[in-house]
Amino acid sequence: MAAQTGLSALAIESRSDVPVFPPVALSAEAAPFTPVRTDGWRLGSPSDAEKQFSRSAARLRALRADSGQLRGELNLLFDQLLSENYNKTFDLFNFPFQDVCSLLKHASSLVPLSQEHLVIKLCQLVHHLLNQLKVIMDEHTLDVLVNYTASALKVCSTWTHSDVLLALSTIVYGNGPQCHQHLSDLLGEDGVLLLYSSPSQPNMELRRVALTCMANICLRIPGQPPLDDQYRSVSFSVFLKTLQSPKPPNTDELFYCMVIQAALKGLQCCLSGGKWKFGGGEELGSILASLKRLMFQGTPGVSVEWPAVLYPAPLPQYEGLPTSKPAEPPKPSEQSKDTNKKRKSKGKGKKTSTEESRGEDGEEDDRDAVPVLQKGGRSEGESLSKPSASSLYPSWKKTSSDSEFSDPEGNAQSKLRLYHGRVRQGALLCLLAVVKGVEKRTLYGYWSSFIPDSPTGGPPSLTLLTIILKDPSPKVRACTLQVLSAILDGSRQFLAVAEDTASPRTSYTPFSFSLATAVRELHRALSLALLAETSPQTLTQVIKCLAYLVANAPYHRLRPGLLSPLWKQMRPYVRHRDVNVRVSVLTLYGALVTTQAPLPEVQLLLRQPEGSSSTGSFTPQDSALSWRQRDGVSSPSRTPVTPTKRNSRTHSPRVPRTPVEEDSSPPWLLQLCVSLVTQPREDQSDSDGGAGGGAALEPSPVRLEALQDKTQLMCITVLLGLTYSENYLVKTAAVRALGVYILFPCLREDVMFVADTANTILAAHDDRSPNVRAKAAWSLGNLTDTLIVNMESVGVDFQEELSDMLLLKMLQAATRASADKDRVKSNAVRALGNLLHFLRETQLTRSAFQRPLEDAVRALVKTVQSEATMKVRWNACYALGNAFRNPALPLGEYSAPWSQDAFSSLCHVVTSCKNFKVRIKSAAALAVPGQRSCYGDTKRFSCVWHSLATALENSEDTNDFLEYRYSASLRHTLSQALLHLLSVSQSQDMPALGASLAGEEGRGIREHLIKYVRAEEGGADREQGEKDTAGDSFTPQQRIRGLQQTLIRLKGLKTEGEGRGEEDRGKEAVVSFLEDLLKTCESID
């Protein structure tokens, strides 16, 4: 292809009067465009701080133990290195971390343990550099530094141990399993960490740092082996004892909160670092009791004598109080009962009495953290059960006009509230880890401790719902909603017992009625939270939690009336400004229309006309309408909105209809979904890191082509320049816009524009802001998508015109990004798959590409096997399948070792991953290679076959009900993959295939293949399966013809060599299997 005119180069020439855009034509070989900063330095060049660090580090490395004035030189150099803030002044992605490792190792050899002041400075430097520069240490550096700090703890005075432990905690962060040689000294019977972390330790700072150090040892980085169970159990016991021990007398509350935070962090690391088996007896109950107490740490008005252990309630029935009995604070004689409910009633009574006296307690009436309604003569229980217009907002939003503290007191109180909030958040994160780690059946007995199962009207119970409605911190509320969602997830079998259609007996409360009451309480509390919440992130969690509740509650066994208010209440949120809120609303509506269908209540709601379901109420979110319908005008269509539409507060774009048309029109929810698919797409919202907000439309190629050439060039030139803005919001939006522009047909075939865009995106990959890096990865994924499109539409000409060096830089940048945060990683692996598909054989055989190619494939393999989010993992599986489409990629028997790792990782996840979409993508990837040679030797081919067969046999085995909707798609993909393997198999594969198909495994495969060939698993699941198998949308007749061709080819195979007899027998078994399969399938009409 002849290269098109370089738009970017012409743009720069046309703006040559602007100093920041020098009139130099860019080419595919050009370096990235780098404008000059306001201080005169070019972006990307070393700063003064980096030069100062290099000079100080060089001087330090030049020192020797026998140098004169060694102590003075070390003091000076340590001070210089400690004085710099590396977070703000260093380009962390291009910083040579190996220099820091060599620097610290050399410094540790210069500082003897007898010079305790120098030891402290060295420890401070270790913490400073490792913490701010996020250095990944090699094993030798780790061993040297751990050995040095452990020796310092034995030799140096106690007053130095706080700084030494701080350095040690930074060194061992995520490296616990690699420190096994030193763990016996640290966590052994007389280990120094056990000594300093003991509840009897009087020095709270030493205790805090020791707990932090233990937590960092227990922290497990994805992909690493877990810590040895012996040391994890010891640490777990210490953390739990810390949480259970009371605050020592004369201890500052702030210091105590910091100790508790460290213990909570450690407990979370223990629970999340691999499968945890709770000990016998009351261990689980004691953990839950401690976490429940800390969930309310520092909450004003809560003064309760908490139980030491929570006991599971008997599941057959609760020993609850009759609902007609008035609620009273329990008498002291009643508090000795053993049930959890009695224990909690004790807390309720004390809380109520405390709340009544709040007006007399000035210290608790602060303006930011009052979790109860202010003076008004109505009790909290009444206000929650009968909400008035003024009580829809929780009391933490009602602030007083002026503070009752002096400035120093106010600052101290604010800091204390902040630390209390962190303790509550840490306790909830631990509880989330417990919920995910404990079997659902075991957890059911503790529901009543965290979810109320009695109607309102009595003393308010201290549950998760209390925090959702009352806690002043949006982060704490969001964590609580995550815990509640995890509890509700997968609880359909437990909640199926709930029923309240019949009147309960007066003698006792049935178990089914208690569960039904819990469901109603959840609806009531989450509806109040929905009205009161203004934080978009927390609001998203509220709606997600409602979706989990709707998906699991048995509404056909409950009195009608729960879903209608929720349906109407969600209507304003479909036009919310935040995209995550809108997505969660659609998820909730999806759960509503699919819940135990057909529910008459939902059918009636679907048939209601658009304007009739309006509640006419105003919510705080109505002030954040989207661009789609604002001020009575629907932006996309510019259709005037009648007053009726304005009053209905609906979102679906409509045109005026007659009453007859109104009755026959499709449901408004269907219209909404159609409009979201067909209308122009919104830009990213602020919550996703976009800077454009929700009011801008996606750039359109039609609009860009309609502009004059000069205007087009100006848009591109300005956009390229804005990607180097120092304002990260502008930079984020500009990088994302480039990712949209590169998809335009009028630009994507311009090699110059592709090269300029690639260089700009590569520069953004090294930005400090995670939002910029996330958008850069997304744009790089889009750019590599266009490479594949151009390769297929334009041909080899485009591939040859694109610089090899630029492709190499893109491959290396995407590999580095695959180790970043998940939101960066998901698009980075997409780019890797495209690039590996795009590279030509002449490039793959060059020595410069050998190591980056291996690193790229290993990055995909590591991501597939990691514990990242499922979206990242299925993107990585898809990327491997995309790479397999490149016939030049060496995948055969004598290829590089990484090809074996690629197939092994896919075989592992296709059989073991709990997420079916990951299994689907991995199965589709295994079916991509079009030649037998790509599958390697017979052993590897047999491994792929048995993995797919095992996955097909277990395609319905899952503990997650939500995965069942993908089971048909999974079977479709696996069946197609097995037939693909048969179609490319050779004579050496016949023994293994024959043994498999002639045995029990073959009978299971036959049943699924019959359904696949006949296309019996229909509907949306089959269509999804066809999409996942890269366009396998053949009719049953076409599949039968493909099966016939495979049979003819296998019959013509000639067996040779020593194992000829075994191959013949295997071939006969395979042919017999296929003939029987064809005979059965051809019997269809």
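Residues numbered from 1 in each chain as written. Predicted model: local features only at pLDDT ≥ 70, side-chain atom pairs only at ≥ 80, totals over all residues. Heavy atoms only, no water.

Under an unreviewed UniProt entry, the protein chain has the name HEAT repeat-containing protein 6 and belongs to Dicentrarchus labrax.

Draft legend 1. Summary view of the overall build of the protein chain. Broken down by element type, the protein chain carries 51 helices and 3 strands. Residues counted as buried form 52% of the 1085 residues belonging to the protein chain. The long-range share in the protein chain, meaning contacts at least 24 apart out of those at least 6 apart in sequence, stands at 74%. (Helix = DSSP H or I, 4+ residues; strand = E, 2+ residues; numbered from the N terminus. Buried < 20%, exposed > 50% of the residue type's maximum accessible area, 1.4 Å probe, protein only. Contact = heavy atoms within 4.5 Å.)

Draft legend 2. Structural detail: the nonpolar core. Membership of the largest hydrophobic core comes to 165 residues, with the highest contact counts inside it found for Leu60, Leu193, Leu291 and Leu484. Beyond its immediate stretch of four places on either side in the chain, Leu60 contacts Leu74, Leu77, Phe78, Leu81, Leu103, His106, Ala107 and Leu110. Listed in part, the 116 residues of the second largest apolar core include Ala737, Ala758, Leu802 and Val918. (Core = buried A, V, L, I, M, F, W, Y, C linked by side-chain atoms within 4.5 Å.)

Draft legend 3. Quick peek at the packing of aromatic side chains. In total, this model carries 11 aromatic pairs according to the counting rule given. A centroid spacing of 5.0 Å and a plane angle of 65 degrees characterise the contact between Trp447 and Phe494, whose relative ring orientation is edge-to-face. With Trp447 in helix 19 (residues 447–450) and Phe494 in helix 22 (residues 492–495), the pair connects residues that are 47 residues apart, well separated along the chain. Its relative accessible area of 6% is what places Trp447 among the buried residues. Ring centres of Tyr935 and Phe941 lie 5.8 Å apart, and the angle between their planes is 90 degrees; this geometry places the pair in the edge-to-face category. Residue classification places Tyr935 among the buried residues on the basis of a relative accessible area of 0%. Overall, the relative accessible area of 2% leaves Phe941 in the buried class. An aromatic cluster of three or more residues is present, and its members are Tyr444, Trp447, Phe494 and Phe511. The ring of Phe450 has Lys292 sitting right over it, with the charged end atom 5.9 Å from the ring centre. (Phe/Tyr/Trp six-rings, centres within 6.5 Å; stacked < 30°, edge-to-face > 60°. Lys NZ or Arg CZ within 6 Å of the ring centre and 35° of its normal.)

Draft legend 4. Quick look at the packing of helix 43 (residues 897–912) against helix 44 (residues 916–926). Here helix 43 crosses helix 44 at 140 degrees, and the two axes come no closer than 8 Å. Considering the angle they form, helix 43 stands oblique to helix 44. As helix 43 runs across helix 44, the sense of the crossing is left-handed. Every residue of helix 44 that contacts helix 43 at Phe903, Leu906, Cys907, Val909, Val910 and Thr911 is listed here: Val918, Arg919, Ser922, Ala923, Ala925 and Leu926. (Axes fitted to C-alpha atoms, helices over the stretch in contact; angles between N-to-C directions. Parallel < 35°, antiparallel > 145°, perpendicular 65-115°, else oblique. Left-handed = near helix turned anticlockwise from the far one by under 90°.)

Draft legend 5. Focus on the environment of Leu70. By the element assignment, Leu70 lies in helix 3 (residues 70–82). Judged by its relative accessible area of 14%, Leu70 is buried. Between the alpha carbons of Leu70 and Leu110 there is a distance of 8.5 Å; along the sequence they are 40 residues apart.

Draft legend 6. Layout of the side chain of Arg940. Position of Arg940 among the secondary structure elements: in helix 45 (residues 938–953). Reaching out from Arg940, the side chain makes a polar contact with the side chain of Ser899 at a distance of 3.4 Å. (Polar contact = N/O pair within 3.5 Å; in protein donor to acceptor, adjacent residues only side chain to side chain.)

Draft legend 7. Just the state of the cysteines, in detail. With the rule as written, the count across this model stands at 0 disulfides. Residue Cys877 stays outside any disulfide, its sulfur separated by 7.6 Å from that of Cys913, the closest cysteine. Overall, the relative accessible area of 0% leaves Cys877 in the buried class. (Disulfide = S-S within 2.5 Å.)

Draft legend 8. Main features of the pattern of salt bridges. The tally for this structure, following the rule as stated, stands at 26 salt bridges. In this structure, Glu521 engages Arg524 in a salt bridge whose closest nitrogen and oxygen atoms are separated by 3.3 Å. With Glu521 and Arg524 both in helix 23 (residues 511–532), this residue pair falls 3 residues apart, about one helical turn. Side by side, Glu521 and Arg524 carry an identical accessibility label, which is buried. For Glu1075, the salt bridge is made with Lys1051, and the minimal N-O distance between the two is 3.1 Å. A residue pair is termed long-range when its members are at least 10 positions apart, and Glu1075 in helix 51 (residues 1060–1081) and Lys1051 in helix 50 (residues 1036–1051) qualify at 24 residues. Several salt bridges converge on common partners, so that one network encompasses Asp500, Arg520 and Arg559. (Salt bridge = Lys/Arg side-chain N within 4 Å of Asp/Glu carboxyl O.)

Draft legend 9. Quick look at helix 13 (residues 253–272). A rise of 1.5 Å per residue sets the reference length of helix 13, with its 20 residues, at 28 Å; its end C-alpha atoms lie 28 Å apart and thus fit the reference within 8%. Burial in helix 13 covers these residues: Tyr256, Cys257, Val259, Ile260, Ala262, Ala263, Leu264, Gly266, Leu267, Cys269, Cys270 and Leu271. Measuring from the backbone nitrogen of Leu254 back to the side-chain oxygen at the start of helix 13 gives 2.9 Å, which picks out Asp252 as the cap. (Expected span 1.5 Å × (residues − 1).)

Draft legend 10. Geometry of helix 12 (residues 229–244). Between its terminal C-alpha atoms helix 12 stretches 22 Å, which fits the 22 Å expected from 16 residues at 1.5 Å a residue. Where helix 12 is concerned, the buried positions are Tyr231, Arg232, Ser235, Phe236, Val238, Phe239, Leu240, Thr242 and Leu243. Close packing links the buried residues of helix 12 with helix 9 (180–187), helix 10 (192–197), helix 11 (204–218), helix 13 and helix 14 (283–295). N-capping of helix 12 is provided by Asp228, with a side-chain oxygen placed 3.0 Å from the backbone N of Gln230.

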